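If you want the building blocks of each chain, they are given just below.
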Amino acid sequence: MQYDLVFEGGGAKGMVFVGALQEFERCGHTFGRLLGTSAGAIMATYTAAGFSVEEMLTALKEKDASNEPVFKQFLGRPRAFTPEEIAHSATRAALDKLDVPYLPNFLESYLDRFILGMMSTDEMVHFFSLVERGGWYSADKFMEWARAKLDQPMPDGRPRKMSNLTFAELHHETGRELSLIAADITDRRMLVLNHRTAPRLPLAWGMRMSMSVPFLWPEVIWQHEWGTYLNRSMAGHRVVDGGVLSNFPIELFLSADPYVTALVGSKSSQGVMGLLIDEDLEVNGIDSRQGNSHETDIVLSDLPPVARILDLVETTTQAHDKMVIDAFEQFVCRLPAKGYQTTEFGMSDERRERLIDAGRLAMRNYLRTRETQGMRGPDIVEMERAYNRADRIALKILK
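A short tour of the structure in this document, coming up. No experiment lies behind these values; they were computed from the predicted model shown.

All right, on to unusual backbone geometry then. Excluding glycine, residues mostly have negative phi values, and the peptide bonds linking residues are mostly trans. Phi is positive for R188, which is not a glycine, with a value near 55 degrees. Among the secondary structure elements, R188 is positioned in the loop between strand 3 (178-184) and strand 4 (189-193). Its identity as a non-glycine residue notwithstanding, N231 has a phi of 65 degrees, on the positive side. Mapping N231 onto the fold places it in the loop between strand 6 (228-229) and strand 7 (232-233).

By the secondary structure assignment, K149 is in helix 8 (residues 140-150). Once residues within four sequence positions are removed from consideration, K149 is found in contact with Y46, F51, A59, E62 and R160.

The N-to-C vectors of helix 8 and helix 10 (residues 203-210) enclose an angle of 140 degrees; their axes lie 10 Å apart at closest approach. Overall, the two elements helix 8 and helix 10 adopt an arrangement that is oblique. Here helix 8 and helix 10 pass one another in a crossing that is right-handed. Where helix 8 approaches helix 10, its residues F142, M143, A146, R147 and L150 are matched on the opposing element by L203, A204, W205, M207 and R208. For the contact of helix 8 with helix 10, the residue count by class is 8 nonpolar, no polar and 2 charged.

What follows deals with the pairing of strand 1 (residues 2-7). In terms of residue burial, strand 1 counts as a mostly covered element, since 5 of its 6 residues are buried. As paired strands, strand 1 and strand 2 (residues 30-37) are joined by 5 bridges and run parallel to one another. By the bridge assignment for strand 2, F7 is matched with G36. In this view, the connection linking strand 1 to its parallel neighbour strand 2 by way of helix 1 (residues 16-26) has right-handed handedness. Bridge analysis of strand 1 against strand 9 (residues 271-278) gives 5 bridges, and the strand direction is parallel. Paired with Y3 across the strands is G271, a residue of strand 9.

As a further point, take the pattern of salt bridges. Counting across every chain of the model gives 26 salt bridges. In this structure, E85 and R133 form a salt bridge, with 3.5 Å as the shortest nitrogen-oxygen distance. Here E85, found in helix 4 (residues 83-87), pairs with R133, found in helix 7 (residues 125-133); they are 48 residues apart in sequence, far enough to count as distant. For E85, a relative accessible area of 26% translates into the label partly exposed. Judged by its relative accessible area of 15%, R133 is buried. Sharing partners across several salt bridges, the network here consists of K63, D349, R352 and E353.

Time to look at the nonpolar core. Counting residues in each nonpolar core, the largest one holds 106 residues, and the members touching the most others are L193, W222, L252, M273 and F328. At 7 residues, the largest contribution of residues to this core is made by helix 15 (residues 349-376). Beyond its immediate stretch of four places on either side in the chain, M273 contacts Y3, D4, L5, V6, F24, I250, F331, C333, M363, Y366, L367 and R370. Grouped together as the second largest cluster of nonpolar side chains are 7 residues, I86, L95, M119 and F128 included.

Looking now at the packing of aromatic side chains. Per the stated rule, a full pass over the model turns up 15 aromatic pairs. Judged by centre distance (5.4 Å) and plane angle (80 degrees), the ring pair of F127 and F128 falls under edge-to-face. Look at F127 and you get partly exposed, because its relative accessible area is 35%. In this structure F128 comes out as buried when scored by relative accessible area, which is 5%. The cationic tip of R351 hangs over the ring face of Y340; the distance from NZ or CZ to the ring centre is 4.3 Å.

Conventions and cut-offs
- Residues numbered from 1 in each chain as written.
- Predicted model: local features only at pLDDT ≥ 70, side-chain atom pairs only at ≥ 80, totals over all residues.
- Heavy atoms only, no water.
- Helix = DSSP H or I, 4+ residues; strand = E, 2+ residues; numbered from the N terminus.
- Contact = heavy atoms within 4.5 Å.
- Axes fitted to C-alpha atoms, helices over the stretch in contact; angles between N-to-C directions.
- Parallel < 35°, antiparallel > 145°, perpendicular 65-115°, else oblique.
- Left-handed = near helix turned anticlockwise from the far one by under 90°.
- Nonpolar A, V, L, I, M, F, W, Y, C, P; charged D, E, K, R; others polar.
- Buried < 20%, exposed > 50% of the residue type's maximum accessible area, 1.4 Å probe, protein only.
- Pairing = 2+ DSSP bridges.
- Right-handed = clockwise from strand over helix to strand, strands pointing away.
- Salt bridge = Lys/Arg side-chain N within 4 Å of Asp/Glu carboxyl O.
- Core = buried A, V, L, I, M, F, W, Y, C linked by side-chain atoms within 4.5 Å.
- Phe/Tyr/Trp six-rings, centres within 6.5 Å; stacked < 30°, edge-to-face > 60°.
- Lys NZ or Arg CZ within 6 Å of the ring centre and 35° of its normal.

What follows is the structure in structure tokens.
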């Protein structure tokens, strides 16, 4: 059976998708349209690019020269600020406007130079990257890895060479329907990135936009050469993680409203399946009470203003996604991830394998349940209600 697949965002927890897809393929199912947010956008993109599950499993096991998981580099130290960046920084502008009463000018000038000098020190570069670029970590290593993977030869040795493809070029070469969710914080709206809406946008930058968790990684500034979005200029717009607006927009694939299908394409598969990362479901063999401490997580969470803002964003997003999940529960495959952290990119081999195994088992159980329900025949009235709800929810969040 063919399904349109929706991948939820979840950072490092998205590794569970690989196990789920492995079981999905083993049972003989195929995919049609693909939709993803954040980590789900990465999985959807590589699926659309023709990566096999075996290639994905191999990628998850990659280590760097220090024998650390390569994904740990995604939480990299920001690059140092250049003298030109410092001269034109928001910090410099704020200091110029600040006049400390009773402080002699020569001391105030010295203090300004001291603070600006701290912008290029290793100890403070994270803080100033957050202030100036909007992200505590650098995303440069992610982009290097993403492009390298898109250029990775196929298992039979044929070149892939997809790192510079635009959404339009990917669709032309593969015929696959790929949509990624991002958030335009300049215009305060959801972006559905694909060959219809943003044909000239590079595929790699679409992934980078969708995974750009606010405050964690720098926001992406839309470049003029990337063209328009729905024929509207986007140059200079700031774009971040689509999870800010919806981490699990399954309603976009369930809706048959003409406005929605004009964005994501018409239904062509026999079914829709949403792959949801469920932090309330236990992973076999993992003691979720112990957690998994991360030095990098502690540094960021020690900033109370950032923690409060992130909690507010997550609360708002989860309120929308919970409504969607409750409305379309029959289409949702819940993948266990309790005890795993969003930024746990350096997880041990054992924790990674247990997470992947949990994905396989969850998909197996979901498919068995869905097949059993299918043999009884669908409730036509209930299905019609679900599709009508999808139309309403999708139009509300898009417009």
